[in-house]
Amino acid sequence: MKPATSHSRLTRRRVRWAWVFLAPMLLVLALVAGWPLLKTIAYGFTDASLINPEAAQFVGVDNFSFLLQDPYWWASVWNTVVFAVVSVFLETVLGLIIALALNAQFRGRGGLRAAILIPWAIPTVVSAQMWNWMFNDVFGVINHMLMSVGLMQHPIAWTASPDTALLSIILVDVWKTTPFMALLLLAGLQMLPKECYESARVDGVHPLTVFFRITLPLLKPALMVAIIFRLLDALRVFDLVYVMSGNNRDTMSMSVYARQQLIDFGDLGFGSAASTLIFAIIALFTVVYLTVARVGREQ
Amino acid sequence: MTAMKGRGHSLLAASVIMLWVFYCNSVAAAAPARLAISCGALGVQLRLCQEGVEAWSRQTGTPVKVVATPNSSTERFALYQQILASHSPDIDVFQIDVVWPGTFAPHLVDLSSYIDGRFTQQFFQTMITNNTIDGALVAMPWYTDAGVLFYRKDLLQKYGRSPPQTWQQLTESARIIQNAERAAGNTRMQGFVFQAKGYEGLTCDALEWIDSFNGGTLVNSAGKVTLDNARAAAALDLAASWIGDIAPKGVLNYDEEASRGVFQSGNAVFMRNWPYAWALGNAEGSPIRGRIGVMALPRGGDQGHPSATLGGWQLAVSRYSRHPALAADLVRYLTSYAEQKRRAIAASYNPTIKALYQDQEVLAAVPFFGTLYDSFEHAVARPSRVTGSKYARVSAEFYYTVHDVLSGKSAAAPALAALQKKLIRLSRGEQW
C-alpha cells in the first residue's frame, strides 16, 4: 500500500466514502460478533445460570481460577491441541500430495477434482456417525477388513478404548478435511509462475529438487494461509468429537467442555469463562503463528 | 476470530430470534384465548400430538398452535431453559423429560389446583411422586419408559437356559451361550450389550444395577448421598467383570442405538434397552424378527429386587402462560385414559395410567405391554427431584465414575467413596 503523500480533497472524500461503505458491515460485525463476545466475557465473571440469568452475581475471577485448577479442563486443552496439531499436520502432507497429483495434466482431471471433495461436502455430523458405525467393534467394517487380511487377531474397540479413541477421531478428521486442504493448495499451485519450471526443465533439474527448491518456497504463502485456517478450525472442534464420543473425558475437546458446562449443567457463568479461555487460547495460537510466519518471511 | 465463539451463541441467537417471532405472533393474536404447545416432532410423534390437540380444540373452541422443537433432548432442554428464563408467555404447555421437573419447577404451574386428585390417582405413583416438587404437582406423566431386558428366545432355548432372574444368572447364561456360539463359528457373538458410553444412558443402566442390589438410588429422597456402600460396589464390580468377558470392550462407547445395532444384527444374546427396541427388532427385514423375548431386568442376587430406571415424558404448564386454567385442561385431556389409549394403539406409546395395561384393546394391539407392567410398577426414578438444578452435574459425576470403574481405571469401592465425597461437596453438605 502506498502511503498518502498529501491529503488532497479527493483523498479525504475517498476515505470518507470508504467509511460509509464499510459502516453497515462494521455495524453487523459489532452486532453479531462483537456484542456476543463481550457479553460472554462479562458472563464469565458472574455465577449466572442458564435457567435464571437475571439473578447473576458478580464473582470476580472465581470461575477462571476454578477453571485453571480443573484437571479435566487441562485434559480437554491437551486433547484439543493434540487433535489440532496431528490432524493439521497429516492433512497438510496428504493435501499437498493430492494437490500436486491433481495439478498434473491428465484426462478426467475435472471429474477427479470434484470427486475428492465428496468427504468435505458431507455434513460432519453425518460422516462422524457413519464412521462411528464403521469403527464399531462388533459389526464395524474396519475391524472386519483388518481381521480378514490378517492384520489383527482380535477386534479393537476403536472409539471406546482410551488409547485409540482420539486417534480414531483424528483419522476421521483427516479423511474429511484433506480434500479441503488439497483444494486450497491446488489453487495456490495454479498461481505459480510457469517460467521457473520451464527454466528448471531446460537445465535438467531433478523433479524432487524442483519441488523443494521451487514449488515449496513459492507455495509457502498459500500453505501458511491454509494451515492457519485449518488450525483455527481444528482448535474449536466440536461436532466430530461430540458425535463420536460425546462427553467422554478421554477425548473431550475445549468446546465440548464449555458446552457441557453451559448447556448440560446450565452454568452460564462458568461455561462463559471456559468459552472466554478458548477464545484466548486460539487468539494466542494465532498471534504466535503469525509472528513466527512473519519472522520466517523477513529472513 | 469470533466464529469460534459461535457454538455457544448460535443457540442463544437462534432462541432470541425465535422468541422475537413468537412475541410478534402473540401480540397479533392477543385478544381471544389461544394456546401453544411444544411437543416432540420426531416422525409419528408430531402427528399424534396434533390429532390429540385438534380434538381438544374442537371440544373447547380454543385454537392451539403446535410448536415443533428440536429432536435431541439436550437441545430441547437448552431451548426450554432459555424460553422459561426469559419469562416468555409464548408457549403454554411444554413436553418435558422425566428428569427435568426438578430443574424447571420454579417456572411451572402447580397442576393440582386445576386437576382433580381422583384423576391423578389413576397414574403410576412413582411418576406422580417424581413430578411433585416441594408439594407442587408440576407436570403430568404423558407416556413412559423403563429399562427392560431383551433376550434371544431361540438361543436360550437352543442351550436350554431359562430367562435369567438374577444378574448372576444372566452372566452365566450369557457366557455359556456366547462361548458355545463362538466355538460353533459365530465369532462375533456377544453375551450382553447395554449402554456404557459416558452419558445419561449409563446413569440409567448403573442405577438399575445398584438399585437391584439394594444399593440405594444414588441420592435418597431426603437428599442424603447413599453411594458409598458395599452392595453398590458389588453391583459395579459385577458390571465391570462383564467388559471383555460377556460384553464387548466397545460397549464403553455404546449408546442405545449402538447396542441395538449389535443385538438386532443377531450378535448378542441379551440387551438392556428401552421398549422402543421391540418394534424395531420385530420389524420386517430385521434378522432376529420373531426371536426376541422381553422381560423385566434381573434382580441383584437372591436378596435383590428387580429394578428399572424410569424414563418418559411429561406435560407441564408454564407459569408465564396467560391462560393457565385452559392450558391445564389441555394437559388433562392429553393425559386422559381415552387419549392415552389412542396413542398406545396407534403407535405403542407406553401409557402412564395403570388400568390401560389391562385394557383388552390395548393388549390386543401391543401384546408385550402386559410384560412391561411390572417394570413400570417397580421403576426407580433418577434423583432429579431432590437434586433439582444440580441433577445434570450429579449424573455426569456418576457416569464418569462408573465409566472409570467399567474400563478398569479404578476399583468400585474407592471410586464410590470418592464420588460420595464429591457429591456431598457439590450439594453443600447434602442441602442441595
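Residues numbered from 1 in each chain as written. Chains lettered and ligands numbered in written order. Predicted model: local features only at pLDDT ≥ 70, side-chain atom pairs only at ≥ 80, totals over all residues.

**Q** What should I look at first to understand the overall build of chain B in this one?
**A** Looking only at helices and strands, one finds 19 helices and 12 strands in chain B. The principal-axis extent of the C-alpha atoms belonging to chain B is close to 75 × 50 × 50 Å. Split into buried and exposed, the 432 residues of chain B put 51% on the buried side. When contacts within chain B are restricted to residue pairs at least 6 apart in sequence, those whose partners lie at least 24 apart make up 73%. (Helix = DSSP H or I, 4+ residues; strand = E, 2+ residues; numbered from the N terminus. Buried ≥ 20, exposed ≤ 12 C-beta atoms within 10 Å, placed from the backbone. Contact = placed C-beta atoms within 7 Å.)

**Q** Looking at this model, I keep getting lost on the interface of chain A and chain B. Mind explaining?
**A** Put simply, an interface is often sized by how much accessible area is lost when its parts join up. Contacts between the two partners involve 39 residues from chain A, matched on the other side by 34 residues from chain B. The set of elements that each furnish at least two residues to the side of chain A that touches chain B consists of α1 (9-43), α12 (254-264) and α13 (268-298) of chain A. Of the residues belonging to the side of chain A that touches chain B, the class tally is 20 nonpolar, 14 polar and five charged. (Nonpolar A, V, L, I, M, F, W, Y, C, P; charged D, E, K, R; others polar.)

**Q** Can you walk me through helix α2 (residues 44-60) of chain B in this structure?
**A** Side chains of residues three or four places apart in an α-helix project in the same direction, reflecting 3.6 residues per turn. Residue and element names in this part refer to chain B. Given a rise of 1.5 Å per residue, 17 residues ought to cover 24 Å, and the 25 Å separating the end C-alpha atoms of α2 matches this to within 8%. The complete set of buried residues in α2 reads Cys 49, Gly 52, Val 53 and Trp 56. Buried residues of α2, seen end-on, are gathered within an arc of 95 degrees and therefore sit on one face of the element. (Expected span 1.5 Å × (residues − 1). Arc of directions from axis to C-beta.)

**Q** Where do I start with the packing of helix α9 (residues 200-212) of chain B against helix α18 (residues 391-406) of chain B in this structure?
**A** How two helices sit against one another is set out by the angle between their axes and by the gap between those axes. All names here are of chain B. The geometry of α9 relative to α18 is characterised by a closest axis approach of 9 Å and an angle of 70 degrees between their N-to-C directions. With respect to their mutual orientation, α9 and α18 come out roughly perpendicular. Residue-level contacts link Glu 200, Leu 202, Thr 203 and Ala 206 of α9 to Ser 395, Phe 398, Tyr 399, Val 402 and His 403 of α18. Its residues assigned to classes, the contact of α9 with α18 comprises five nonpolar, three polar and one charged. (Axes fitted to C-alpha atoms, helices over the stretch in contact; angles between N-to-C directions. Parallel < 35°, antiparallel > 145°, perpendicular 65-115°, else oblique.)

**Q** Could you clarify how one ought to interpret the nonpolar core in this entry?
**A** Ranked by size, the top nonpolar core spans 173 residues in total, and within it Phe 150, Phe 192, Val 193, Phe 270, Leu 330 and Val 331 of chain B carry the most contacts. Here the element with the most residues in this core is α18 of chain B; it accounts for nine residues. Other than its neighbours up to four places away in sequence, Phe 192 of chain B contacts Leu 170, Ala 174, Trp 242, Ile 246, Ala 247, Ala 268, Val 269 and Phe 270 of chain B. Counting 12 residues, the second largest nonpolar core, distinct from the first, contains Leu 96, Ile 98, Phe 180 and Leu 186 of chain A. (Core = buried A, V, L, I, M, F, W, Y, C linked by C-beta atoms within 7 Å.)

**Q** When you look at α9 of chain B in this model, what are you seeing that I'm missing?
**A** All names here are of chain B. Across its 13 residues, α9 extends 19 Å between first and last C-alpha, which sits within 8% of the 18 Å expected from 1.5 Å per residue. Burial within α9 is extensive, with 13 of its 13 residues counted as buried. One or two steps after α9, the chain reaches Asn 214, where phi turns positive at roughly 60 degrees.

**Q** Any chance you could explain the environment of Leu 219 of chain A here in plain terms?
**A** Residue and element names in this part refer to chain A. Position of Leu 219 among the secondary structure elements: in helix α10 (residues 207-235). In this structure, the C-alpha to C-alpha distance between Leu 219 and Gln 190, residues 29 residues apart in sequence, is 9.8 Å. Setting aside its immediate chain neighbours within four residues, Leu 219 contacts Leu 185, Gly 188, Leu 189 and Leu 192.

**Q** Explanation requested: the packing of helix α10 (residues 230-242) of chain B against α18 of chain B in the structure shown.
**A** Residue and element names in this part refer to chain B. At a closest axis distance of 8 Å, the pairing of α10 and α18 adopts a crossing angle of 55 degrees. As summarised for this structure, α10 and α18 are arranged oblique, according to the angle between their axes. Taking contact as the criterion, the partners of Leu 236, Ala 239 and Ala 240 in α10 are, on α18, Val 402, Val 405 and Leu 406. Looking at the contact of α10 with α18 residue by residue, the classes come out as six nonpolar, no polar and no charged.

**Q** Would you explain the pairing of strand β11 (residues 308-317) of chain B in this entry?
**A** Within a regular strand, the side chains alternate between the two sheet faces. Residues and elements named next belong to chain B. Within β11, 10 of the 10 residues are buried, leaving the element largely enclosed by the surrounding structure. For strand β3 (residues 93-97) and β11, the ladder comprises five bridges, and the chain directions are antiparallel. Directly across from Phe 94, in β11, lies its bridge partner Ala 316. The pairing of strand β6 (residues 140-146) with β11 spans six bridges and is classified as antiparallel. Bridging from a neighbouring strand, Thr 144 pairs with Gly 312 of β11. In terms of strand pairing, β11 meets strand β12 (residues 379-380) through two bridges, oriented parallel. The residue of β12 that forms the bridge with Ala 308 is Ala 379. (Pairing = 2+ DSSP bridges.)

**Q** Whenever I open this one, the domain arrangement of chain B confuses me. Can you help?
**A** Residue and element names in this part refer to chain B. The assigned domain composition of chain B is domain 1 (3-138 + 311-370) and domain 2 (148-307 + 384-426). Computed from C-alpha coordinates alone, the two centres of domain 1 and domain 2 are separated by 30 Å. Looking at side-chain class alone, the side of domain 1 that touches domain 2 contains four nonpolar, six polar and no charged residues. (Domains from an automatic or database assignment.)

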